[in-house]
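Tertiary structure, described
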Amino acid sequence: MNRSDPSTDYLMCSNCQKVLRKSKEKSRALPSKRGPSAFIPEKELLQANAVTDCTDVLVEEFCTSGRLDNITQVMSLHPQYLETFIRTQFYMLRMDGPLPLHYRHYIAIMASARHQCTYLINMHVDEFLKTGGIAEWLNGLEYIPRRLRNLNEINKLLAHRPWLITKEHIQELVKTGENNWSLAELVHAMVLLAHYHALASFVFGSGINPEQDPGTPNGFSPELISNFCDCDLTNDNNIKNTSLRSNFELDDSLSELENLMERMKRLQEDREDEETSQEEMLTRFEKEKKESFLVIPGVFDDAVSISSVSRYIEDPGFGYKDFARRGEEHLPTFRAQDYSWEDHGFCLVNSLYSDIGHLLDEKFRMVYNLTYKDFAW
């Protein structure tokens, strides 16, 4: 592999040099500043914050973390929910709990990777290193402890087909052995996985933009990690235990959004031009679903993902499948009357992970009230 001049700050293969040149050309055409969301004008966010009572919450978050990330700014449109969200996430990531701090951020990376949410991966790679995480773990799952890697199966199911989780999955993780989890640790891990699966959906659904870096000319961070080309990381070459910068390709994020908008426009035009049968619409939907950037490549086919996040997951072809197919009599899932958060969930999590039950209960009730008391418990 050809390398650039070793006197430069980092090394790149010739192919990546071409990609970087194209990325720079596109970035020059971008405005010097972009808002937190691709869907919500920044002016609208500023106006909303000016008339709401979320100032104290935003100030407190800035004092705690040293920045206001784009998720916080967009979520400030609902200040009451933002307050409960920040309180819950702060407790899970920073307060006393069963799991070490760097474990918490690596679990967040694993959960976000199941949905290919590079925004959240980028954020928690930085936090993982700041909390004492071993840089070599960022090479991929084969470099992490076996007990942490054992979360893969339950992470996969919880992300895409949670109705398939059984007591055997839990027993396998907590059984006596060198790599076992305590029940308290497992509850903490499961809460983190579920939290970041949901948050990835919020990031995509709200069009959260990549974070801006005031230290660079166009506001965005370099696209390289330390002195390694992205090809090295994709091919699982070793990362030295040095300070890393993990920012994924802005070019990809922008083109993905453009592709999605173009497909939506094309479908709408087709719909207006002709009356389409229900079967034809279903066929089109399945076709677009396969091609969509929001789905891991290979979810609907047997192809294996080669994206930059694939090192954090196993079985990338595993994805959502409808659990209520026509003709099936015995559905592998709970019914609404079989489970109650108040009777089953709250007491369990609160007994094993102190106070998280109260925080989650407050969060659920807030969502219940914000959605006109129409919320699945």
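Residues numbered from 1 in each chain as written. Predicted model: local features only at pLDDT ≥ 70, side-chain atom pairs only at ≥ 80, totals over all residues. Heavy atoms only, no water.

**Quick notes on the confidence of the model for the protein**
- Averaged over all residues, the pLDDT of the protein is 75; the fraction at 70 or higher stands at 57%.
- The low-confidence segment residues 1-10 (pLDDT under 50) makes 21 contacts with residues lying over four places distant or belonging to another chain.
- Contacts of residues 291-306 to residues separated by more than four positions or lying in other chains number 40 contacts, the stretch itself having pLDDT below 50. (pLDDT = per-residue confidence, 0-100. Contact = heavy atoms within 4.5 Å.)

**A few points about the pattern of salt bridges**
- This model, assessed by the stated rule, comprises 9 salt bridges.
- When the shortest N-O distance is used, the salt bridge between Glu83 and Arg87 registers 3.1 Å. Pair noted here: Glu83 and Arg87 are both in helix 5 (residues 79-94), with a separation of 4 residues, about one helical turn.
- The shortest N-O distance in the salt bridge between Lys175 and Glu172 comes to 3.0 Å.
- The partly exposed category is assigned to Lys175, whose relative accessible area is 46%. (Salt bridge = Lys/Arg side-chain N within 4 Å of Asp/Glu carboxyl O. Helix = DSSP H or I, 4+ residues; strand = E, 2+ residues; numbered from the N terminus. Buried < 20%, exposed > 50% of the residue type's maximum accessible area, 1.4 Å probe, protein only.)

**Considering the nonpolar core**
- Ranked by internal contacts, the top residues of the largest apolar core, which has 61 residues, are Tyr106, Leu148, Leu151 and Trp181.
- Every element with two or more residues in this core is listed here: helix 4 (70-75), helix 5, helix 6 (101-114), helix 7 (118-130), helix 11 (183-205), helix 15 (341-352) and helix 16 (356-370).
- Setting aside its immediate chain neighbours within four residues, Trp181 contacts Leu99, Tyr103, Ile107, Arg147, Leu148, Leu151, Leu173, Val174, Leu186 and Ala189. (Core = buried A, V, L, I, M, F, W, Y, C linked by side-chain atoms within 4.5 Å.)

**Considering helix 6**
- The terminal C-alpha atoms of helix 6, which comprises 14 residues, lie 21 Å apart, in line with the 20 Å expected from a rise of 1.5 Å per residue.
- Of all 14 residues making up helix 6, 13 are buried, and the element is well covered by its neighbours. (Expected span 1.5 Å × (residues − 1).)

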